[in-house]
Number of protein chains: 2
Amino acid sequence: MNRILRVNTRTGELRYVKTTEKEMQEGGRSFIVHNLLREVDPACDPIGGDNHFIIANGLLGDTSLTTAGRLSIGAKSPLTGGVKESNVGGSAGKALGKLGLKAVILEDIPEKVSCRVLVVRKDGAELVETPELQGVESKKTIDALQGRYGTEAAVLCIGPAGEYRLSAAVVATTDHTGVQVRVAGRGGLGAVMGSKGIKAVVLDSKGATAPKPADPEAFSDVKKQIAKIIRDDPKTENRHDYGTPAVLGTCNALGILPTRSFRTGSFEQADAISGDTVAELIVKRGGEGKRGLPCVRGCIIACSNIFPHPDGKAHIASLQYENIALLGSNLGIGDIDEVAELNDLCNEVGIDAIDGGAAIGVAMDMGLLPFGDAEGAKELVRQVGQGTAMGRVIGSGAAVTGKVFGSTRIPTVKGQAMPAYDPRSLKGIGVTYAMSAMGADHTAGNALETAKYLDPQGTEGQVQISHKLQVRGAILDSFGVCLFLRPAFVKDPELAAQLLNARYGWDWTYRDVRAMSDECLRAEHEFNRAAGIDETRCDIPEFMRKEALPPMNTTFDIPRDEMQKIWETEVEEGVF
Amino acid sequence: MNRILRVNTRTGELRYVKTTEKEMQEGGRSFIVHNLLREVDPACDPIGGDNHFIIANGLLGDTSLTTAGRLSIGAKSPLTGGVKESNVGGSAGKALGKLGLKAVILEDIPEKVSCRVLVVRKDGAELVETPELQGVESKKTIDALQGRYGTEAAVLCIGPAGEYRLSAAVVATTDHTGVQVRVAGRGGLGAVMGSKGIKAVVLDSKGATAPKPADPEAFSDVKKQIAKIIRDDPKTENRHDYGTPAVLGTCNALGILPTRSFRTGSFEQADAISGDTVAELIVKRGGEGKRGLPCVRGCIIACSNIFPHPDGKAHIASLQYENIALLGSNLGIGDIDEVAELNDLCNEVGIDAIDGGAAIGVAMDMGLLPFGDAEGAKELVRQVGQGTAMGRVIGSGAAVTGKVFGSTRIPTVKGQAMPAYDPRSLKGIGVTYAMSAMGADHTAGNALETAKYLDPQGTEGQVQISHKLQVRGAILDSFGVCLFLRPAFVKDPELAAQLLNARYGWDWTYRDVRAMSDECLRAEHEFNRAAGIDETRCDIPEFMRKEALPPMNTTFDIPRDEMQKIWETEVEEGVF
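Residues numbered from 1 in each chain as written. Chains lettered and ligands numbered in written order. Predicted model: local features only at pLDDT ≥ 70, side-chain atom pairs only at ≥ 80, totals over all residues. Heavy atoms only, no water.

K.L.:
Which residues make up the overall build of chain A, and what are the values?
P.N.:
Secondary structure assignment for chain A yields 23 helices and 17 strands. Oriented by its inertia axes, the alpha-carbon framework of chain A measures out at about 55 × 55 × 50 Å. Buried positions account for 69% of the 576 residues belonging to chain A. Pairs at least 24 residues apart make up 70% of the contacts formed inside chain A by residues separated by at least 6 positions. When the accessible surface of chain A is summed, it comes to about 18,400 Å², and 49% of that surface belongs to carbon and sulfur atoms. (Helix = DSSP H or I, 4+ residues; strand = E, 2+ residues; numbered from the N terminus. Buried < 20%, exposed > 50% of the residue type's maximum accessible area, 1.4 Å probe, protein only. Contact = heavy atoms within 4.5 Å. Areas by Shrake-Rupley, 256 points an atom, 1.4 Å probe, with all protein chains shown as cover.)

Below, the structure is given as structure tokens:
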């Protein structure tokens, strides 16, 4: 963590720079926003030379804590025009940690279109020209690079969509078993990577060893306490067996499952694409299918999966709730194999399944093709890879697609598509969509869990709860750990500080952790304001304030001025 | 002027409402922004039910003053997301005046896609279902409606682009001779009209008489003074003979003529598309070609034209500088007949020739087709009418086109394409592009004339001059008169107040006129801020600050913080 690799993509210059004391206390998401504020003109063109493409490890990214190693990708977003952090599992975070790197920062843009790979090894880094990879899809790119640099090498890459600099382009990455393709999906960060002329980053940590914590025993002790809490948590088993798809049934029952481009909140074929169905089919089909996979090595929750074809051959890894919803119910598609195929295609061409699914939904809603037309939907995703006009529109995400089709029903906030939680019947997440600097992003503060104790359709308490969820999100994203680690910190918030103290030899309390998170959120809003985004005016789309959502027949009715007071609401000390 | 017609496009209800005393003192552009501020949620969806589509007559729109009758079309813009006024000549303004109407306001949106015509007569108005006009191009629409309601009826209509609610859609209108198709081009207001399900507005003023001025003799006297000044002005004859195309040579020499998507500021084939060439060909070809046409009845400047085919048949009326530049040099096309054809096609499908030309330029710059490919460019415009994916992209304007093609060279400000004056070598207009609530719009404050006394490439005085030009623009656009009337007010600013006093029986001085303009500009910024546009952050695109523009090799280098102080700069009393 004591070095940062800086790459000037115009000159080809590579520099290792010592991490400053201030940077040392930043991690992942908080590193990204502070780096942007320090060095990037907020008004810059997201795909121009002034933007940075940042790969940043969380504060605990080089430790063996369970779930640690989730990686933050960041930049000024081409989709939202504001700061963006997109969080991803896989093997890259741990590799970065082993290589002793806090971050890799790609600066400037090349003078001519170029296709290069940045290879980072223990003893140095180099830029390699790879014209043969131009236009190549994600998995083939990964295979080619792991063929060259070894299957142990972690790869971050873009598909054709990123090379086209489309606003919904993702950064795809490997897991440690060479099976999963994980993606940093939100915010179009693949377009920023593409603008730098970098097709992939290879992190070859052979021979490198992650640094030891400042106090190994203390770290091991806290780590064990946390592992025990997680193992004992009643949700862990369900997460292991069913993963995120498990919540599809919950969302359908709550009436917040995006269905037919957010026309309704429940789907008559929900059972066919539910978590139960996914799990059952994995077991029944056997073969390469698998449940309970970790996304980062050593995670004891292990909520990922390999979803197989009917013949047992691996189809996609991993199949997640948000993608099933946006590519399934949202398109009126009730066939899980078609959904898997669509998801796989999105990964291959390199676009976000959420924004891509929302874009196709909008196109269906405007009559381009009928809801339920899986073949038509797949063809649209293929066209993204081919760079046709329609493909480029879809690959630019739901906001551009809606504009091009003249739609008044565009499910986006700050240009970014809503994930799989309709805010009309889960109002807390609506506040997050509107007020987070991240735009419509469930990972910024998902209110789903609050539905157990707070009427999700009521307006009471939703603003405050969103504030709390956003504080928590910023902590987890800066630590480089998963949301599912939360039960440990709920039980004892001080564990969060103890982890940092053991890793770095600091003397923090929860209060310091909280201050770091508050400062991260504040800095994000500062960046957005300076980028010309007037956050106080952001809102849920007009149609969601007017059009009632069946089956609950609710509109989004939290007054804008009440949402604007979010940062004045109290979040209790220690709350997680 | 003492009535306003309000049409609820959802319920079909039509209401004539008495103009309030406050509204009486607003006209055209100032009426639009004040109506929006009073009644429209600035955060609304531009093509949703909360927006207004406003047709507003200028304060002098019902008088016989030369150039009076230019009409303001306004709404929250789908292109910029802010307030927009687009000004147009033609016969509709005078017809509105005769009908005693200050404005027509279309409210709400229909529940289902519909194609209706609003017919306004002396004795009332009605909404007529016209499914036969769905998808019909502009001229055919006008012909069909004038066939039905008489050739004297003024028509405002949209082409297919407006029906598709594309962000660069225009509102086309007739002149009093049934020859010209004039368009209110900027800001995508055709999409707002389309969203209301209104294909056209027919203003049939048969039997109606414009109200007499409060003091007819005084009015006649001021009018005569103004006419004399205009007739005596040395620029008038040139304007009459050559019209706006005359400035193409000037702009080419200054190095501000957009050429090959703003790659250079002069065009080696400039002579072939210049004002001289246009004028010569009109004379040489004869037939239906004509110079010195008025755009509003009674204008003594009469700078419009009918540009003929080689065989003398009318091709397009009128051919204007900005369109020649954006569709000619900007696309590397040096054939004036091809430019005329492209312009005609833009009018027919109903998109702005400026934003459409800039969009095709960006597509050419990104390699979709080569510069100079007139056939390819025409095919793209035809596709707008057909509603293909590529057509919808181009019809959404340069900003969306640039995004979809992943370009870093998008010549837009606030989402709107720059007209035919590259701000790198005419810096005053750059300040207007960045700081006007209207986005990149030369009519908001064109600094071209200032090049005579202020170094156009220098930074000195440009911010202040833009302020002055913007004040003047808001006066003229609120009066409903042409920029070319300016020499009269330069000679004696009090003439502006005297016109209002004679028309309305007021007691204004220039100071009141100026206050009205200041208040109009202030209100526009208030609306934009409330719409979430942080005006202090607006800037010229990054590439124009970095990429030097040949042949002068200038970048846009007025510091952002200096531009932000524009409203603090002094504009002398009486300056016009």
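K.L.:
A description of the nonpolar core should follow, citing residues and the corresponding values.
P.N.:
Ranked by size, the top nonpolar core spans 162 residues in total, and within it Phe307(A), Ile336(A), Tyr421(A), Phe307(B), Ile336(B) and Tyr421(B) carry the most contacts. Setting aside its immediate chain neighbours within four residues, Ile336(B) contacts Ala272(B), Ile273(B), Val278(B), Leu281(B), Phe307(B), Leu319(B) and Ile324(B). (Core = buried A, V, L, I, M, F, W, Y, C linked by side-chain atoms within 4.5 Å.)

K.L.:
Describe the relation of the copies chain A and chain B, and please don't skip the residues or the numbers.
P.N.:
Its rotation angle being 180°, the transformation that places chain A on chain B also includes 0.0 Å of axial translation and leaves an RMSD of 0.0 Å. Given the turn and translation reported, the copies of this chain are related as if by a two-fold rotation axis. Mapped onto chain B, 100% of the interface residues of chain A are again interface residues, and the two copies thus contact each other with one and the same surface. (Least-squares fit on C-alpha atoms with pLDDT ≥ 70 in both.)

K.L.:
If you had to explain the sheet that holds strand β1 (residues 3–8) of chain A to someone new, which residues and values would you point to?
P.N.:
Residue and element names in this part refer to chain A. Ordered in space as β2-β1-β6-β3-β4-β5, the six strands form an open sheet in which the pairing is mixed. The open sheet has two edge strands, β2 (14–18) and β5 (83–88), and neither has a second partner. Between one strand axis and the next, the sheet turns through 20° on average, direction left out of account. In this structure, β1 lies alongside β2, joined through five bridges in antiparallel fashion. Within the sheet, the bridge partner assigned to Ile-4 lies in β2 and is Val-17. (Pairing = 2+ DSSP bridges. Axes fitted to C-alpha atoms, helices over the stretch in contact; angles between N-to-C directions.)

K.L.:
Tell me what's going on with the side chain of Asn305(A), and back it up with residues and numbers.
P.N.:
Residues and elements named next belong to chain A. Position of Asn-305 among the secondary structure elements: in strand β14 (residues 304–308). The exposure class assigned to Asn-305 is buried, which follows from its relative accessible area of 4%. For Asn-305, the side chain forms a polar contact with the main-chain nitrogen of Leu-319, separated by 2.9 Å. Non-local contacts of Asn-305, meaning those with residues more than four positions away in its chain, are made with Pro-245, Val-278, Ile-282, Lys-290, Arg-291, Leu-293, Ile-316, Ala-317, Ser-318 and Leu-319. (Polar contact = N/O pair within 3.5 Å; in protein donor to acceptor, adjacent residues only side chain to side chain.)

K.L.:
Tell me about the packing of aromatic side chains, residues and numbers included.
P.N.:
Residues and elements named next belong to chain A. Using the criterion set out here, one finds twelve aromatic pairs over all chains in the structure. A centroid spacing of 5.5 Å and a plane angle of 65° characterise the contact between Tyr-321 and Tyr-421, whose relative ring orientation is edge-to-face. Residue Tyr-321 is located in helix α11 (residues 321–327), and its partner Tyr-421 is located in the loop between β17 (416–417) and α17 (427–435); the two are separated by 100 residues in the primary sequence. The same class applies to Tyr-321 and to Tyr-421, which are both buried. Seen from their ring centres, Phe-489 and Phe-576 are 4.9 Å apart, and the 35° between their planes marks the pair as tilted. (Phe/Tyr/Trp six-rings, centres within 6.5 Å; stacked < 30°, edge-to-face > 60°.)

K.L.:
Tell me about the pattern of salt bridges, and please be specific about residues and values.
P.N.:
Following the criterion strictly, the structure yields 87 salt bridges over all chains and no others. A salt bridge links Arg511(A) to Glu573(A); its shortest N-O distance comes to 3.3 Å. Of this pair, Arg511(A) sits in helix α21 (residues 510–530) while Glu573(A) sits in the segment after α23 (560–563), and the two are 62 residues apart along the sequence. By relative accessible area, Arg511(A) is classed as exposed at 58%. Put simply, Asp518(B) and Arg514(B) hold a salt bridge, and the shortest N to O gap is 3.1 Å. Within this pair, Asp518(B) and its partner Arg514(B) are both found in helix α21 (residues 510–530), separated by four residues, close to a single helical turn. Looking at Arg514(B), the relative accessible area reads 11%, which means it is buried. Connected through salt bridges with shared partners, the residues Arg263(A), Asp365(A), Arg409(A), Asp422(A), Arg424(A) and Glu547(A) form a single ionic network. (Salt bridge = Lys/Arg side-chain N within 4 Å of Asp/Glu carboxyl O.)

K.L.:
Please give an account of the sheet that holds strand β14 (residues 304–308) of chain B that cites residues and values.
P.N.:
Residues and elements named next belong to chain B. Sheet architecture is open: three strands sit in the order β13-β14-β15, paired in antiparallel fashion. Two strands lie at the open edges of the sheet, namely β13 (290–293) and β15 (314–317), each paired on one side alone. Adjacent strand axes in the sheet meet at a mean angle of 20° when their direction is disregarded. For β14 and β15, the ladder comprises three bridges, and the chain directions are antiparallel.

K.L.:
Quick rundown of the interface of chain A and chain B? Include the residues and the values.
P.N.:
It is common to give the size of an interface as the accessible area that goes away when the parts come together. Chain A puts 34 residues into the contact, and the matching count from chain B is 34 residues. When the buried surface of chain A facing chain B is broken down by residue, Lys403(A), Val404(A) and Glu542(A) rank first, second and third, together holding 20% of it. Applying the counting rule to chain A against chain B returns four salt bridges. The shortest N-O distance in the salt bridge between Lys546(A) and Asp50(B) comes to 2.8 Å. Across the chain A-chain B interface, the total number found is 14 residue pairs in polar contact (both at pLDDT 80 or more). Those elements that provide at least two residues to the side of chain A that touches chain B are α15 (389–395), α16 (398–404), α21 and α22 (542–546) of chain A. (Buried area = accessible area lost by both parts, 1.4 Å probe.)

K.L.:
Outline the confidence of the model for chain A, supporting the account with residue identities and numerical values.
P.N.:
Of all residues in chain A, 100% have pLDDT values of 70 or greater, and the mean over the chain is 97. In the predicted assembly, ipTM is 0.96 and pTM is 0.97. (pLDDT = per-residue confidence, 0-100.)

K.L.:
Run through unusual backbone geometry, naming residues and quoting values.
P.N.:
All names here are of chain A. Of note, the bond from Ala-317 into Ser-318 is cis; its omega dihedral lies within 30 degrees of zero at 0°. Looking at where Ser-318 falls in the secondary structure, it is placed in the loop between β15 (314–317) and α11. Residue Pro-551 is bonded to the preceding Pro-550 through a cis peptide linkage, with omega at 5°. Within the secondary structure, Pro-551 is located in the loop between α22 and α23. If you check the backbone angles, Asp-108 has positive phi at about 60° while not being a glycine.

K.L.:
Summarise the pairing of strand β12 (residues 198–204) of chain A; cite the residues concerned and give the values.
P.N.:
All names here are of chain A. The element β12 is extensively covered by neighbouring structure, given that seven of its seven residues are classed as buried. Both strand β7 (residues 116–121) and β12 contribute to a ladder of six bridges, which runs parallel. The partner of Val-117 across the bridge, within β12, is Ala-200. Two elements, strand β9 (residues 154–157) and β12, share four bridges in a ladder whose sense is antiparallel. Bridge pairing links Val-155 to Val-202 in β12.

K.L.:
Account for the environment of Val513(A), naming residues and giving values.
P.N.:
Residues and elements named next belong to chain A. With respect to the secondary-structure elements, Val-513 resides in helix α21. With 127 residues separating them in the primary sequence, Val-513 and Gln-386 have C-alpha atoms 46 Å apart. The contacts of Val-513, once residues within four sequence positions are left out, are Ile-475, Phe-479, Ala-496, Ala-497, Leu-500 and Trp-508.

K.L.:
Can you tell me about the side chain of Ser304(A), naming the residues and giving the values?
P.N.:
Structurally, Ser304(A) is set in strand β14. Here the side chain of Ser304(A) touches Arg182(A) through a polar contact of 2.7 Å, side chain to side chain.

K.L.:
I'd love a proper account of the environment of Lys199(B), names of residues and values included.
P.N.:
Residues and elements named next belong to chain B. With respect to the helices and strands, the residue Lys-199 is situated in strand β12 (residues 198–203). Relative accessible area serves as the criterion here: at 1%, Lys-199 is assigned to the buried category. Along the chain, Lys-199 and Gly-135 lie 64 residues apart, while their C-alpha atoms are 9.2 Å from each other. Polar side-chain contacts of Lys-199 include one of 2.8 Å to the backbone oxygen of Ile-158. Polar side-chain contacts of Lys-199 include one of 2.6 Å to the side chain of Glu-163.

K.L.:
I'd like to hear about the pairing of strand β3 (residues 53–57) of chain B, residue by residue, with values.
P.N.:
All names here are of chain B. The buried count for β3 comes to five of five residues, which makes it a mostly enclosed element. Side-chain alternation along β3 places Phe-53, Ile-55 and Asn-57 on one buried face and Ile-54 and Ala-56 on a second face that is also buried. Relative to strand β6 (residues 101–107), β3 is paired through four bridges, and the arrangement is antiparallel. Bridge assignment links Ile-54 to a residue of β6, and that residue is Ile-105. Examined bridge by bridge, β3 and strand β4 (residues 71–76) share four bridges and lie antiparallel to one another. Each residue of the ladder has a partner; that of Asn-57, found in β4, is Leu-71.

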